[in-house]
There are 2 protein chains.
Amino acid sequence: METRIERLLNLMEARSLDGFLVAETKNMLYFTGFSGGSMLLVLRDGESILFVYGVNYEAAKVETREASVELVKQEESLIKKVTDRLKTRKIRNLGFDSLAASTYLKLKESSDGVAFKDASDLVWTLRRVKDPSEISLMKKAAELTSRGMEKAAEIIEAGISEREVAAEIEYEMRKNGSDGVAFETIVSSGSNSAFPHGGCGDRVIKKGDLVVIDIGAKYRDYSSDLTRTFIIGKPSSKQFEIYETVRKAQELAVKTARAKVEAKEVDRVARDYISKAGYGEYFVHSLGHGVGLDVHEPPTLSPKSRDVLVEGNVVTIEPGIYIPGFGGVRIEDTVLILKEGVEKLTESPIQIYF
Amino acid sequence: METRIERLLNLMEARSLDGFLVAETKNMLYFTGFSGGSMLLVLRDGESILFVYGVNYEAAKVETREASVELVKQEESLIKKVTDRLKTRKIRNLGFDSLAASTYLKLKESSDGVAFKDASDLVWTLRRVKDPSEISLMKKAAELTSRGMEKAAEIIEAGISEREVAAEIEYEMRKNGSDGVAFETIVSSGSNSAFPHGGCGDRVIKKGDLVVIDIGAKYRDYSSDLTRTFIIGKPSSKQFEIYETVRKAQELAVKTARAKVEAKEVDRVARDYISKAGYGEYFVHSLGHGVGLDVHEPPTLSPKSRDVLVEGNVVTIEPGIYIPGFGGVRIEDTVLILKEGVEKLTESPIQIYF
């Protein structure tokens, strides 16, 4: 089987790039298995060099695959080491993934005659399709996340604070093998739930609250993403209507998603349903996003997306309705895109009374 | 008292900048109190605009201080909104903090005649000196971190896994008010402890192990950083020698740090002590770094640093010795720089037998 670097080399060739500079940590991890590198230079002839500072050098020697490790000493300049190599290897067209403007300018200045080309899409072409080893890690991350939500359902009640709920969820995931959270846990109650990124504070959950819980365990560098909304006590008719609208919109979108479908079409199905129910203006974000080493990555499921879903994508499907001053509902799962549909990686019952 | 934006305006004037584009999330948070903005444009006449997408718009209206909030609709381009404003306001010299190269190139292309200047140092001039409200939050973060280490000391013993120790530490910090971790918890035992960023895995701690525990609670967006090294059982004479060398180096550095001292001098004191003990080549990182909204920020305490410490800096002091195949020792505290010395924000006994 081709290595990930070999697959990048194929893509580079099609775009006439004779070198590729990887500067984004997650991308270095993807290609080399090591996350402590400072830059990775991939050359057309197949040589790859991971530049590493002393603090990570011993670990790099043990963990790095598919690239040689080169120490950057305290008195040396990383930029100079990279541009020297570009010169001796006569690199003319260099792709890069993601550089800070200041780094980009320094690199350009000290490498005469090299054309720098933003080619992050090449890396995403690879990363957006998960291979079996990645899928297995993502299933584990999703399983831990589902356990966290199970714990939330167990303990949530009037009188407990948002922060206490978050603490118990994170502890449950961690004890069972999670390496930490993929993003800051959201436990957002009452009128806070109307803010999609409502965070988590000291507010004490009350009877009648909507509570949006959005969590993700990380497992061996892979993320997961799951949201459920709880209603504390008997829902009001408006709460019930909003909840059911979001639930059905999510169900429809999940049924629509499969390989070869346009990502914007999946968004449209959910958005249309919510709009017809009269809540279109309150669905203020995209339907979903890819998940992997990053918790937000391509493809994007939004009205303007140009992505087409393919087998091996892992994406969230997460419609929501947020009514300022009243509260919000979001229901989200992480799903694996298959030829004929999806496999839900996260699993948590839809159960609204608590 | 001047607002943070007013203080930025003063610095801009001294450098003849008539606008400043803030693109880094933590910087937007620093100036406006809101972390969900996409870009913040500060204009010389005192007008400041925070551009926000729909998903965060309602929260932005509630939380943003010192800037007006402008919605970026799904069909609109953030870049265009910014460059239009540069045009109508006749901005000529625009400072910026941190832009991705691709964003930088797009902005340049669509804003004729505007000079873009990397001026992130202006923001760091402000952020590196903590004001009383920040110090109070950092004390709370440090206090929570110290409690986490207390829990570690309570539970660590042969037979417990690295991950279990991490789970208990994080749970302790979270229950007591932490908003999460400032960085991935390190519980690195046995020969893993020889890797400064050794992570935390399933390894079961054994008698005779060195265990490096490096943790940080986050509190209201502020970070903290504390490391202790534990020896499980009676230390060997080599373990004891390394431990004592690091302990004394840290003590000397802490005594050296104060306002008006060069950061590299504090590093030198610790490095010299470790070198004289014969372990210089095994101290493979800088002595310390600033802490604040970011866990790694200016000033830098390293041999090459040009920083001079000033009152109100919050920095780590963390010498270490790492011997491949044998293990490592690091001792770290977060300290507040005062006129006549430092105030330790983290507190944890130096106690090596467990």
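Novice: Hey, could you go over the overall build of chain A for me, with residue numbers and the actual values?
Specialist: Secondary structure summary: chain A contains 10 helices and 18 strands in total. Computed over its C-alpha atoms, the radius of gyration of chain A comes to 23 Å, within 12% of the 20 Å expected for a compact globule of 354 residues. C-alpha atoms of chain A, sized along the principal axes, occupy 70 × 40 × 35 Å. In chain A, which comprises 354 residues, the share counted as buried stands at 58%. In chain A, the share of contacts with a sequence separation of at least 24, taken over all contacts with a separation of at least 6, comes to 65%. With the model as given, the accessible surface of chain A reaches about 14500 Å², and the carbon-plus-sulfur share is 48%. Of the charged side chains in chain A, 50 are positive and 55 negative; the average position of the first set lies 2 Å away from that of the second.

Novice: Give me the lowdown on the domain arrangement of chain A, citing residues and values where you can.
Specialist: In many reports, interface size means the accessible area that the parts give up when they come together. Residues and elements named next belong to chain A. Once the domains are mapped, chain A shows domain 1 (4-127) and domain 2 (132-344). Taken together, the two surfaces of domain 1 and domain 2 that pack against each other cover about 680 Å², and 50% of this comes from carbon and sulfur. Contact with domain 2 buries area across many residues of domain 1, yet Lys26, Trp124 and Arg127 alone supply 59% of it, more than any other trio. Applying the counting criterion to the domain 1 and domain 2 interface returns four salt bridges. In this structure, Glu297 and Arg127 form a salt bridge, with 3.0 Å as the shortest nitrogen-oxygen distance. Across the contact surface, domain 1 and domain 2 share four residue pairs in polar contact (both at pLDDT 80 or more). Put simply, the parts of the chain that give the side of domain 1 that touches domain 2 at least two residues each are α2 (25-32) and α6 (120-127). Split by residue class, the side of domain 1 that touches domain 2 holds three nonpolar, no polar and four charged.

Novice: Break down the sheet that holds strand β5 (residues 93-96) of chain A for me, with residues and values.
Specialist: Residues and elements named next belong to chain A. If you trace the six strands from one edge of the open sheet to the other, you get β4-β3-β2-β1-β5-β6, paired in mixed fashion. Across the chains shown, the open sheet's two edge strands, defined by having one partner strand only, are β4 (68-72) and β6 (115-118). Along the sheet, successive strands turn relative to each other by an average axial angle of 25 degrees, direction set aside. Pairing geometry for strand β3 (residues 48-53) and β4, over five bridges, is parallel. In the strand pairing of β4, Ile49 is matched with Ser68. On the sheet, helix α5 (residues 101-109) packs against β1 (19-22), β2 (39-43), β5 and β6 and is oriented at approximately 155 degrees with respect to β6.

Novice: Report on the sheet that holds strand β9 (residues 210-215) of chain B, specifying residues and quantitative values.
Specialist: Hydrogen bonds along the backbone pair up the strands of a sheet, which may run parallel or antiparallel. Residue and element names in this part refer to chain B. Spatially, the three strands line up as an open sheet ordered β8-β9-β11, and their pairing is antiparallel. Of all strands in the sheet, those bounded by a partner on one side alone are β8 (186-189) and β11 (226-231). Neighbour-to-neighbour, the strand axes of the sheet open up by a mean angle of 15 degrees, direction not taken into account. With six bridges connecting them, β9 and β11 associate as antiparallel partners. Within β11, the residue paired with Leu210 across the bridge is Ile231. Helix α8 (residues 162-175) rests against β8 and β9 of the sheet, and its axis sits at about 155 degrees to β8.

Novice: Tell me about the pairing of strand β8 (residues 186-189) of chain A, residues and numbers included.
Specialist: Residues and elements named next belong to chain A. Of the two faces of β8, both are covered, the one formed by Ile186 and Ser188 as well as the one formed by Val187 and Ser189. As paired elements, β8 and strand β9 (residues 210-215) share four bridges and run antiparallel to each other. For Val187, the partnering residue across the bridge sits in β9 and is Ile213.

Novice: Which residues make up the interface of chain B and chain A, and what values do they have?
Specialist: Across the contact, 43 residues belong to chain B and 43 residues belong to chain A. Taken together, the two surfaces of chain B and chain A that pack against each other cover about 3400 Å², and 53% of this comes from carbon and sulfur. Three residues, Gln74, Arg163 and Arg174 of chain B, lead the burial of chain B against chain A; their summed loss comes to 19% of the area buried on that side. Taking the shortest distance from any N to any O, the salt bridge between Lys218 of chain A and Glu184 of chain B comes out at 3.0 Å. Taken together, chain B and chain A are joined by 20 residue pairs in polar contact (both at pLDDT 80 or more). Of all the secondary-structure elements, those providing two or more residues to the side of chain B that touches chain A are α3 (54-63), α5 (101-109) and α8 of chain B. If one sorts the elements of the side of chain B that touches chain A by residue count, α8 of chain B sits on top with eight residues.

Conventions adopted
Residues numbered from 1 in each chain as written. Chains lettered and ligands numbered in written order. Predicted model: local features only at pLDDT ≥ 70, side-chain atom pairs only at ≥ 80, totals over all residues. Heavy atoms only, no water. Helix = DSSP H or I, 4+ residues; strand = E, 2+ residues; numbered from the N terminus. Rg over C-alpha atoms; globule rule 2.2 N^0.38 Å. Buried < 20%, exposed > 50% of the residue type's maximum accessible area, 1.4 Å probe, protein only. Contact = heavy atoms within 4.5 Å. Areas by Shrake-Rupley, 256 points an atom, 1.4 Å probe, with all protein chains shown as cover. Lys, Arg positive; Asp, Glu negative; His and termini not counted. Charge placed at Lys NZ, Arg CZ, Asp CG, Glu CD. Domains from an automatic or database assignment. Buried area = accessible area lost by both parts, 1.4 Å probe. Salt bridge = Lys/Arg side-chain N within 4 Å of Asp/Glu carboxyl O. Polar contact = N/O pair within 3.5 Å; in protein donor to acceptor, adjacent residues only side chain to side chain. Nonpolar A, V, L, I, M, F, W, Y, C, P; charged D, E, K, R; others polar. Pairing = 2+ DSSP bridges. Axes fitted to C-alpha atoms, helices over the stretch in contact; angles between N-to-C directions.

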